[in-house]
There are 4 protein chains.
Amino acid sequence: MGNFRRVPAGIIGASGYGGVQLVRLLLDHPEVELVYLGGESNAGKSFTDVTLYPHFTGKVNLQIEAVDIEAVAHRCEVVFLSVPNGLACQMAPKLLEKGCKVLDLSADYRFSDLSTYTAWYNKERNDSSTAATAIYGLPELYRDRIAEAQLIGCPGCYPTASLLALSPLLKQGLIIPETAIIDAKSGTSGGGREAKINMLLAEADNSLGAYGVARHRHTPEIEQICSDLAGHEVMIQFTPHLIPMVRGILSTVYAKLRDPGLVRDDLITIFKAFYRNSSWVTICEGGVYPQTKWACGSNNCYIGIEVDRRTGRVIVMSAIDNLIKGQAGQAIQCMNIMMGWDESLGLPKVGFYP
Amino acid sequence: MGNFRRVPAGIIGASGYGGVQLVRLLLDHPEVELVYLGGESNAGKSFTDVTLYPHFTGKVNLQIEAVDIEAVAHRCEVVFLSVPNGLACQMAPKLLEKGCKVLDLSADYRFSDLSTYTAWYNKERNDSSTAATAIYGLPELYRDRIAEAQLIGCPGCYPTASLLALSPLLKQGLIIPETAIIDAKSGTSGGGREAKINMLLAEADNSLGAYGVARHRHTPEIEQICSDLAGHEVMIQFTPHLIPMVRGILSTVYAKLRDPGLVRDDLITIFKAFYRNSSWVTICEGGVYPQTKWACGSNNCYIGIEVDRRTGRVIVMSAIDNLIKGQAGQAIQCMNIMMGWDESLGLPKVGFYP
Amino acid sequence: MGNFRRVPAGIIGASGYGGVQLVRLLLDHPEVELVYLGGESNAGKSFTDVTLYPHFTGKVNLQIEAVDIEAVAHRCEVVFLSVPNGLACQMAPKLLEKGCKVLDLSADYRFSDLSTYTAWYNKERNDSSTAATAIYGLPELYRDRIAEAQLIGCPGCYPTASLLALSPLLKQGLIIPETAIIDAKSGTSGGGREAKINMLLAEADNSLGAYGVARHRHTPEIEQICSDLAGHEVMIQFTPHLIPMVRGILSTVYAKLRDPGLVRDDLITIFKAFYRNSSWVTICEGGVYPQTKWACGSNNCYIGIEVDRRTGRVIVMSAIDNLIKGQAGQAIQCMNIMMGWDESLGLPKVGFYP
Amino acid sequence: MGNFRRVPAGIIGASGYGGVQLVRLLLDHPEVELVYLGGESNAGKSFTDVTLYPHFTGKVNLQIEAVDIEAVAHRCEVVFLSVPNGLACQMAPKLLEKGCKVLDLSADYRFSDLSTYTAWYNKERNDSSTAATAIYGLPELYRDRIAEAQLIGCPGCYPTASLLALSPLLKQGLIIPETAIIDAKSGTSGGGREAKINMLLAEADNSLGAYGVARHRHTPEIEQICSDLAGHEVMIQFTPHLIPMVRGILSTVYAKLRDPGLVRDDLITIFKAFYRNSSWVTICEGGVYPQTKWACGSNNCYIGIEVDRRTGRVIVMSAIDNLIKGQAGQAIQCMNIMMGWDESLGLPKVGFYP
């Protein structure tokens with residue numbers, strides 16, 4: 001590959017599912033060298049330790065290191081933060097000061113108004129000047145700002161799927177915003193690699209239920225972007241469900257059309273135009289509805305559209321891999337944009353179907 | 001048990017999933033003797049044939065017989081029809097004439113207005129006088145009429161879950177009917193025991209998608225009962241999804257409350273009162289949302305209720321086993337009522353969790 | 001049912017999967033009244049608490065109580081111990097002394113030689129006189145002794161499936177014992193209701209692996225009974241695997257036939273004769289191999305037999321529901337025998353297929 | 001990438017699971033251009049047709065074409081045959097004659113003795129001169145011969161996993177060959193994309209069973225290579241099981257050690273040495289047993305080794321992705337070798353865990 005130098009990148013919080021996806025994708029990234037893995041509880045262990053990810057044996061030769069921000073900044077140009085909410089905001093300011101580009105996968109830098117964050121996450125914040133520089137990392141909406149940013153607040157998995165379904169409708173003023181209902185369904189990997197009884201296979205397999213009804217923390221995140229697109233404050237109904245599968249999110253979005261004369265083909269045309277420059281979004285043909293499996297393993301989002309002439313509603317279905325386009329893949333997509341690289345660099349283009 | 005005589009019952013269409021559930025439940029029913037199994041394509045085979053249900057070996061000793069309505073009527077007092085749509089309406093009139101009680105699990109006798117049936121099922125009907133005598137077999141709503149009926153049109157699986165969630169709201173006028181949206185999720189056994197590529201484990205496992213959007217045939221069935229409850233014509237949004245699991249349905253129902261002052265506890269009280277005499281319906285306490293696994297293997301329906309004060313909507317979640325309360329169990333519940341027996345006779349009271 | 005008195009029964013350790021199965025089955029048992037549920041960590045909670053089993057709401061109205069052996073003995077005639085290994089042996093002696101019949105689902109009373117227990121379970125024992133009275137609760141082998149016992153050591157799930165496959169072969173001297181290899185596969189519910197990372201759906205689903213190779217604690221239990229049947233010390237190869245499903249065990253057993261002239265039909269005949277009086281064991285016809293799903297939800301064991309003329313081996317496959325025939329159901333089967341009731345009383349006869 | 005020319009490759013039989021994996025992997029292959037997709041039943045459809053693989057929309061722009069061998073040979077340098085057994089042997093001779101390199105994923109060219117093929121596959125063959133030039137495409141054993149071959153008989157999925165586990169033992173004479181037992185477990189994608197009732201999610205999920213006991217067609221294939229390695233005729237016990245998951249094979253192999261003094265560490269050392277130059281095979285450390293999930297999505301094979309000192313047996317567990325290392329990935333690995341490229345080119349190095 002000649003004399004070209006790879007960009008050194010690190011991950012703080014590498015032992016979770018976000019971390020392991022980042023590791024896998026960055027190992028394959030042609031412009032990046034993964035040089036640092038950080039984590040507190042697993043510090044000192046090899047990443048391939050039997051309690052972590054032994055299947056990486058021979059593929060990666062890094063230890064999880066205790067987190068020393070100074071040292072991380074010294075070694076890495078790009079840092080991914082894959083840590084619990086409330087920790088990233090303690091790490092990012094110093095990393096930025098040292099010149100790193102920072103991509104935060106937690107909720108800490110998703111909100112333009114920190115009082116919303118504090119209200120929903122019960123954490124006070126004292127880094128408002130840093131937060132003010134953060135860009136919401138949904139490239140299909142904010143590509144230009146991401147290109148100029150040093151700090152990205154990467155979207156949550158549900159907001160990614162839901163906003164990609166809603167954005168063209170809101171941006172073009174096609175729906176009555178307050179009628180929007182998002183019924184979202186996620187595989188259990190969204191719950192992370194933590195031992196919880198309700199996430200055991202014996203409990204979660206062959207079962208299905210809603211959770212966090214009317215109070216899930218992704219609600220204000222979705223509303224913030226919807227309000228931005230609509231140009232006024234928008235309130236959204238959002239209900240997540242746990243599905244007996246590992247990966248994938250489907251958001252089924254309902255809303256009343258302003259113009260009851262719009263037909264399905266009109267909307268498909270509008271969506272295709274809206275995402276014309278977004279190679280990761282595929283709009284399905286009429287009558288085709290996306291399966292989450294199509295997206296799994298790739299950074300793609302598949303969107304299907306239906307209009308119910310009887311009720312005057314549009315129904316949009318949006319499918320992603322919650323750990324790729326909903327998390328690690330999208331972070332890398334943002335990094336590509338920040339670095340001026342091709343947006344698709346190092347990202348899987350086709351799902352691992354079946 | 002002495003000299004008491006069991007009621008002879010038969011099943012036409014015993015080789016599908018509805019059939020096999022009926023066989024299992026009727027074998028355990030203390031007042032019924034299963035004497036007849038009918039079916040065309042498998043006629044001549046033992047029910048325990050290796051291509052059918054070998055696990056019944058030693059438990060049932062019946063052959064699938066070719067369907068001779070005359071003979072069926074002669075041998076059975078109660079007949080369950082578990083056949084494709086459009087066949088039951090050819091069998092029921094003669095069975096009724098011969099004095100049998102008939103429980104039809106297909107769609108043929110669910111509609112009070114046959115033109116609705118014809119519009120959605122593309123089949124002409126010439127048995128309107130028979131159809132006029134059929135009662136919709138949802139005991140929680142129509143217990144008294146079922147008790148006097150000779151012909152029951154057993155509800156579809158989605159309508160059962162959805163109507164149990166919606167009925168108290170519509171009956172009491174608590175919601176604006178046209179805002180009602182039903183986002184329903186079902187295990188793949190709802191698709192029947194037919195070889196279809198999209199139902200293969202390799203395709204359907206670890207995936208999730210909507211189907212029949214804005215045109216599923218359970219829509220008019222739900223609307224018919226909703227209209228009956230509301231006292232005027234009601235149009236409902238209904239979207240079914242295929243979930244990677246064998247059994248279970250969850251209906252998540254959204255609607256605008258007429259009175260924004262109603263709180264969750266009010267609705268829980270109203271639902272508990274509505275289902276006071278319905279032992280198969282359990283209303284969850286506040287903050288508890290049902291899992292389909294709770295219901296699986298039993299005839300129960302679990303209902304959870306939430307109110308979103310921000311949006312003024314009620315969200316009702318309703319979980320059943322699609323093959324029991326959604327099909328075979330409910331048919332037996334109806335039979336129990338028709339026969340004057342305890343409504344819970346022979347039906348499984350607790351799911352086989354986990 | 002008149003003036004007849006139900007036998008009061010209790011469960012110590014009711015919050016695990018063994019416990020919840022016992023509760024469900026005992027609620028349906030016509031001769032038993034469930035009067036007591038004990039447990040330390042959940043003491044004071046209702047059994048239907050949201051952290052336990054809310055789907056029992058309205059079906060059972062018992063609290064988990066702290067364990068007071070004296071009080072348990074006072075209130076119960078029959079006590080099921082569903083507690084971790086090493087605890088039952090502290091409870092059973094006093095319960096027996098007070099006259100209770102005791103069925104222990106742990107490993108504590110499975111071994112006739114306590115030094116084997118100590119060697120494999122790393123626990124010293126000082127209740128050898130009690131242990132000497134315990135009978136191994138596999139009714140198909142030890143029905144007569146169970147009938148006269150006051151203390152039952154209920155078999156492990158793997159030993160149940162494996163011994164039902166091996167017993168006819170060993171008892172009749174048909175195989176060379178030291179060639180026996182048991183490759184066993186279990187659903188993850190066998191791991192209990194404990195939060196462990198490797199049992200999360202996200203980890204265990206769509207995966208498969210062996211564990212405890214050459215050192216699983218069910219090995220000496222299987223060997224003890226095999227030795228008893230063979231009439232001399234027998235050493236067995238036993239390898240358990242974790243399968244991505246909730247319930248079910250399949251044991252695939254390989255052994256060299258002593259007489260290479262034996263054909264499949266001979267062995268089927270021998271197995272059928274061996275289990276002639278065991279209604280819970282079904283021998284499959286030639287060429288039919290059992291699926292675990294056939295057994296799930298029932299107390300049945302399905303056994304398939306094949307002979308490989310090329311290699312001179314017999315292959316026996318045995319399928320059970322690990323939580324019913326492999327645990328709670330078998331304990332109730334033993335109780336039925338101890339009480340002089342029909343062995344099948346209160347037990348589910350057909351699986352909940354599909 | 002300059003003026004370099006990609007090698008044109010085609011797939012006959014592109015609509016099955018082998019085909020779709022080949023398409024995905026070849027699209028990412030840096031030296032190949034996928035120029036042709038052939039198939040009879042789907043001829044004329046776009047590969048992204050809704051009945052085929054709509055998730056490839058925008059990623060591949062090829063139609064399935066009716067098979068015209070002459071035209072295929074004209075357009076492709078490399079041809080993958082992913083067709084039913086008995087068809088490849090009708091296509092390969094002409095393709096070879098025209099100078100194509102041919103990789104056959106069916107069983108047609110796996111046997112050095114065609115009478116074995118005819119005995120197990122019930123098909124007469126008249127292409128023995130062609131068959132005599134075919135090399136068995138297991139690179140870890142036959143890398144050098146593959147490099148010089150024009151026709152590869154790619155191994156079956158079970159033989160791949162099983163032979164990688166057995167080869168070091170047989171080659172070094174460490175085991176008594178006739179004691180070898182392979183208990184293999186596969187996800188249902190191995191059954192292909194064909195509508196079969198027993199492969200429905202509703203049937204195959206949450207269930208488990210053996211099939212083809214003592215008569216599976218992969219038996220002679222395994223025996224052929226084992227005999228080659230052992231230097232004399234070897235007979236193997238092989239039993240496949242269907243596991244409720246989409247992808248992955250685990251082969252659990254049992255055999256008696258010749259030298260009972262060998263310990264686990266000795267064998268680990270021997271295996272590591274044997275596979276020293278095989279980057280796709282990873283030998284697990286002592287006490288670590290592979291999970292199929294580790295391999296899924298990658299071309300890796302993970303091997304775990306245990307020795308049971310009590311019984312004198314070695315137990316080897318081998319995990320692969322049945323569709324990658326067990327099928328499409330291995331074919332591409334062979335192509336890389338045939339073309340003189342790096343063996344790992346274009347192949348996924350890390351599984352898509354979780």
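Figured I'd write up the structure that's included with this text. (Residues numbered from 1 in each chain as written. Chains lettered and ligands numbered in written order. Predicted model: local features only at pLDDT ≥ 70, side-chain atom pairs only at ≥ 80, totals over all residues. Heavy atoms only, no water.)

Section: the interface of chain D and chain C
Operational definition: Two residues qualify as a contact provided that any one of their heavy atoms is within 4.5 Å of a heavy atom in the partner residue. Two parts placed together each lose some accessible area; with a 1.4 Å probe, that loss summed over both constitutes the buried area. Each reported salt bridge corresponds to a side-chain nitrogen of Lys or Arg within 4 Å of a carboxyl oxygen of Asp or Glu.
With 53 residues of chain D in contact, the opposing surface of chain C contributes 53 residues. Summed over both sides, the interface of chain D with chain C buries roughly 4,100 Å², with 52% coming from carbon and sulfur. Connecting chain D to chain C are four salt bridges. With a closest N to O distance of 3.0 Å, Lys185(C) and Asp183(D) form a salt bridge.

Notes on the relation of the copies chain D and chain C
Inclusion rule: Alignment of copies: least-squares fit on C-alpha atoms of residues with pLDDT of at least 70 in both copies.
For the pair chain D and chain C, the superposition axis carries a translation of 0.0 Å, the fit reaches an RMSD of 0.0 Å, and the rotation angle comes to 180°. Here the symmetry operator amounts to a two-fold rotation axis. If distances are taken from each C-alpha of chain D to the rotation axis, the shortest is found for Pro244(D), at 3.2 Å. Both copies share a contact surface, since 100% of the interface residues of chain D are interface residues in chain C too.

Concerning the interface of chain A and chain B
Size of an interface: often given as the accessible area lost when the parts come together. Applicable threshold: Contacts described as polar in this section are N or O atom pairs within 3.5 Å, which, within protein, must combine one atom able to donate a hydrogen with one able to accept it, while residues neighboring in sequence count only if both atoms come from side chains.
Between chain A and chain B, the residue contacts involve 53 residues of the former and 53 residues of the latter. Counting the surface lost from both chain A and chain B, the interface buries some 4,100 Å², and carbon and sulfur atoms represent 52% of this. Taken together, the connections running from chain A to chain B amount to four salt bridges. Ionic pairing is found between Arg310(A) and Glu223(B), a salt bridge with its closest N-O pair at 2.5 Å. There are 36 residue pairs in polar contact (both at pLDDT 80 or more) connecting chain A and chain B.

Section: the nonpolar core
If you look at soluble globular proteins, the nonpolar side chains tend to sit buried side by side. Spelled out, the test is: As used here, the term nonpolar core means buried Ala, Val, Leu, Ile, Met, Phe, Trp, Tyr and Cys residues forming a set that is joined through side-chain atoms within 4.5 Å. Partly exposed describes any residue whose relative accessible area lies between the buried limit of under 20% and the exposed limit of over 50%, with all areas from a 1.4 Å probe on protein chains only and scaled to the type maximum.
Counting residues in hydrophobic clusters, the biggest one holds 195 residues, and the most contacted among them are Phe80(A) and Phe80(C). Discounting residues that sit within four places of it in the chain, Phe80(A) has contacts with Gly10(A), Ile11(A), Ile12(A), Leu22(A), Leu26(A), Leu103(A), Leu105(A), Ala331(A), Ile332(A) and Met335(A). Counting residues in hydrophobic clusters, the runner-up holds 194 residues, among them Ala9(B), Ile182(B), Ala165(D) and Phe271(D).

A word on the environment of Ile176(A)
All names here are of chain A. As a reminder of what qualifies: Under the scheme used here, helices are H or I runs from DSSP no shorter than 4 residues and strands are E runs no shorter than 2 residues, and both carry numbers assigned from the N terminus.
On the secondary structure map, Ile176 appears in the loop between α7 (157–171) and β8 (181–186). Owing to a relative accessible area of 27%, Ile176 belongs among the partly exposed residues under this scheme. Spatially, the C-alpha atom of Ile176 lies 49 Å from that of Ile64, the residues being 112 residues apart in sequence. Excluding anything up to four places from it in sequence, Ile176 contacts Lys256 and Arg258.

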